[in-house]
Amino acid sequence: MQKVSFLLPIVLAAALVAGCGGGGGASLNSEDVAVVGGVHISKVEYNALLRQAQQSFKQQGRPFPKQGTTEYAGIKSQAVTLLVNQAERQAKAESMGIEVTDKQVQDRLDQIIKQYFQNKQSRYKAQLKKQHLTEAQVRKDIRAQLISEAVISKVTKDVKVTKDDVHEYYLAHPELYSQPQSRDVRYILVKSKATADSIYNQVKTGGDKAWCRLAKKYAKDQSGQNCGKATFSKGQTVPVFDKIAFSQPTKKVHAPFYDPTQYKQWFVVEPLGVVKPRGTTPEKQVAPSIKQQLQQQKKNEEMTAWVSATSKEYCSGSKIKYRSGYTPSPDPCTSTTSTNATTNATTTG
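Position numbers for residues start from 1 in each chain and track the written sequence from start to end. The model is predicted, so local features are restricted to residues of pLDDT at least 70 and side-chain atom pairs to those at 80 or more, both for listing and for counting; the totals for chains, interfaces and linings are taken over all residues. Note that water and hydrogens are dropped before the side-chain values are worked out from all heavy atoms of the structure.

Student: Please clarify how the overall build of the protein chain should be interpreted in this entry.
Tutor: By the criteria applied, helices consist of DSSP H or I runs no shorter than four residues and strands consist of E runs no shorter than two, each listed in order from the N terminus. On a plain count of helices and strands, the protein chain comes out with 10 helices and 9 strands. Looking at the protein chain residue by residue over its 349 residues, the buried ones come to 39%. Long-range contacts, defined as pairs at least 24 residues apart, comprise 73% of the intrachain contacts of the protein chain with a sequence gap of at least 6. Relative accessibility under 20% of the residue-type maximum defines a buried residue, over 50% an exposed one, and the middle range a partly exposed one, all with a 1.4 Å probe and only protein chains included. Contacts are assigned to residue pairs that have any heavy atoms within 4.5 Å of one another.

Below you can see the structure in the form of structure tokens.
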């Protein structure tokens, strides 16, 4: 069965992974691992995340690290940080006026069941059992996903890319939109000169039929399924092949030659057409993809700034409190605080 990503711990985007530590904030109760503002993170959630990690290791055929090891401590820290991140986004989403309804969660779950389980509850339930997950855990993960999507949408809603932005990028990256010379050839690569000589003598007079028969017999790559035919760009392959492929007359088989660099085997080559000149993809043709790329870059920048501001807010405000033994190591807030101190010192100095 195809691996279903929604059943794994949700980390929406690298830009959102920014945890915060420190003392103070709301009070922990006996069932908490941590508290983020007014959001409680329970041991039940933490243990469920560890079970998912154990299942993932098992599916990969890897032993799960034992308690007391550095590897186990790392997984534990990642789990707590992820839960803190989700709680942090939930708290911020509320202050931004973002709400996720039960209907939205149900609609997304229905979509998942339809897409991955052919709309069959039995298959979905079987996967839950296999992943050691409950329905409540899945719905909680879906809610976290929807909250993250809503946060990204709201934070990046004003991101715009103009025609001038696209044009400037196109001009600044000519290497991305130019094509080198190319040529259609057919070739066969073999280990011995004797075999290469035999092929050469046969294809010189045998034409297309001989090329197809011998390519299927000797070729070790996909060219063998296409009668030895392929298209190469200038500079794409080894120097000796490149030189001959782009200098040999069309429809003339070149005598066998040896590649001493990469393949260390013998080539028989025949160019099939003229050398096609260098070309440039028109800006109009690539403008949509450039615009999409620039939009994503700007959105990432907006989210990075938002995450940084959120991290500073929670770290400096001491709004997160961990139960003893669950503080991530290293504590992400330590680096945030150090960075802020360095920045302030540089600014005032």
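Moving on from the model shown.
Student: Mind showing me how you'd approach the packing of helix α3 (residues 102-117) against helix α5 (residues 135-155) here?
Tutor: Two packed helices can be described by the angle between their axes and the distance between those axes. What counts as an axis is a line fitted to C-alpha atoms, over the stretch in contact for a helix, and the angles between N-to-C directions run from 0 to 180 degrees. The geometry of α3 relative to α5 is characterised by a closest axis approach of 9 Å and an angle of 105° between their N-to-C directions. Here α5 runs roughly perpendicular to α3, going by the angle between their axes. Of the residues in α5, those touching α3 at Asp102, Gln104, Val105, Gln106, Arg108, Leu109 and Ile112 are Glu135, Val138, Arg139, Ile142, Arg143, Gln145, Leu146 and Glu149. Each residue gets one of three labels, nonpolar for Ala, Val, Leu, Ile, Met, Phe, Trp, Tyr, Cys and Pro, charged for Asp, Glu, Lys and Arg, and polar for the others, Gly among them. Considering only residue class, the contact of α3 with α5 consists of 6 nonpolar, 3 polar and 6 charged. Angular relationships are summarised with four words: roughly parallel below 35 degrees, roughly antiparallel beyond 145, roughly perpendicular across 65 to 115, and oblique for the angles in between.

Student: Explain the sheet that holds strand β4 (residues 182-190) to me, please; I cannot follow it from the model alone.
Tutor: Sheet strands pair via backbone hydrogen bonds, and the direction of the pair is either parallel or antiparallel. One open sheet holds the 4 strands; their spatial order is β5-β4-β7-β6, and the pairing between them is antiparallel. With partners counted over all chains shown, the strands left at the sheet margins are β5 (229-233) and β6 (254-258), one partner each. When strand polarity is set aside, the average angle formed by the axes of neighbouring strands in this sheet is 40°. Whether two strands pair depends on DSSP finding at least two bridges between them. Sheet analysis places β4 next to β5, joined by 5 bridges and oriented antiparallel. Paired with Asp184 across the two strands is Thr231, which belongs to β5. Running at roughly 125° to β4, helix α7 (residues 193-218) makes contact with β4, β6 and β7 (266-271) of the sheet.

Student: Is there a simple way to explain the packing of aromatic side chains in this structure?
Tutor: Any two aromatic rings considered together are summarised by their centre-to-centre distance and by the angle between their planes. Think of it this way: a Phe, Tyr or Trp ring, Trp meaning its six-membered ring, pairs with another when their centres are within 6.5 Å, and the plane angle makes it stacked under 30 degrees, edge-to-face over 60, tilted otherwise. This structure, assessed with the given rule, holds 14 aromatic pairs. Ring geometry for Tyr187 versus Phe241: centroids 5.6 Å apart, planes at 80°, classification edge-to-face. Taken together, the positions of Tyr187 in strand β4 and Phe241 in helix α8 (residues 239-245) put the pair 54 residues apart, joining distant regions of the chain. This pair shows no difference in class: Tyr187 is buried, exactly as Phe241 is. Both rings, one in Tyr263 and one in Phe267, keep their centres 5.8 Å apart while their planes meet at 90°; by these two values the pair is edge-to-face. Judged by relative accessible area, which is 3%, Phe267 ranks as buried.

Student: What's the story with the pairing of strand β2 (residues 39-42) in this structure? I'm lost.
Tutor: Relative to β2, strand β1 (residues 32-36) runs antiparallel, the two sharing 4 bridges. Bridge pairing in β2 links Val36 to Val39. Here β1 folds back onto β2 in antiparallel fashion, the turn holding 2 residues, of which Gly37 has a positive phi close to 60°.

Student: What am I meant to see in the state of the cysteines here?
Tutor: Here, disulfide denotes a covalent bond that connects the sulfur atoms of two cysteines. Throughout, a disulfide means two cysteine sulfur atoms within 2.5 Å of one another. Evaluated as defined, the whole model comprises 1 disulfide. Disulfide pairing places Cys212 opposite Cys227 at an S-S distance of 1.9 Å. Between Cys212 and Cys227 the sulfur-sulfur dihedral comes to about 95°; the bridge is accordingly right-handed. Remark: Cys227 occurs in the loop between α7 and β5 and Cys212 occurs in helix α7; sequence separation between them is 15 residues.

Student: What is the right way to look at the sheet that holds strand β9 (residues 320-322) in this model?
Tutor: The 3 strands are arranged β2-β1-β9 in an open sheet whose pairing can be described as antiparallel. The open sheet terminates on both sides in strands that have one partner only, identified here as β2 and β9. Averaged over all adjacent pairs, the angle separating strand axes in this sheet is 15°, with direction ignored. As defined by bridge partners, β1 adjoins β9 across 3 bridges and the pair is classed as antiparallel. Paired with Val35 across the strands is Lys321, a residue of β9.

Student: Mind showing me how you'd approach the nonpolar core here?
Tutor: One broad rule of soluble globular proteins: the nonpolar side chains tend to lie buried together. Throughout, nonpolar core names a set of buried Ala, Val, Leu, Ile, Met, Phe, Trp, Tyr and Cys residues whose side chains join them through atoms within 4.5 Å. Grouped together as the largest cluster of nonpolar side chains are 23 residues, with contacts concentrated most on Val36, Ile41, Tyr46, Val80 and Val84. Those elements giving two or more residues to this core turn out to be β1, β2, α1 (43-59), α2 (70-95) and β9. Those residues within four positions of Val36 in sequence are excluded, and the remaining contacts are Ile41, Val84, Ala87, Glu88, Tyr314, Lys319 and Ile320. Membership of the second largest hydrophobic core comes to 21 residues, among which are Ile112, Val138, Ile147 and Met303.

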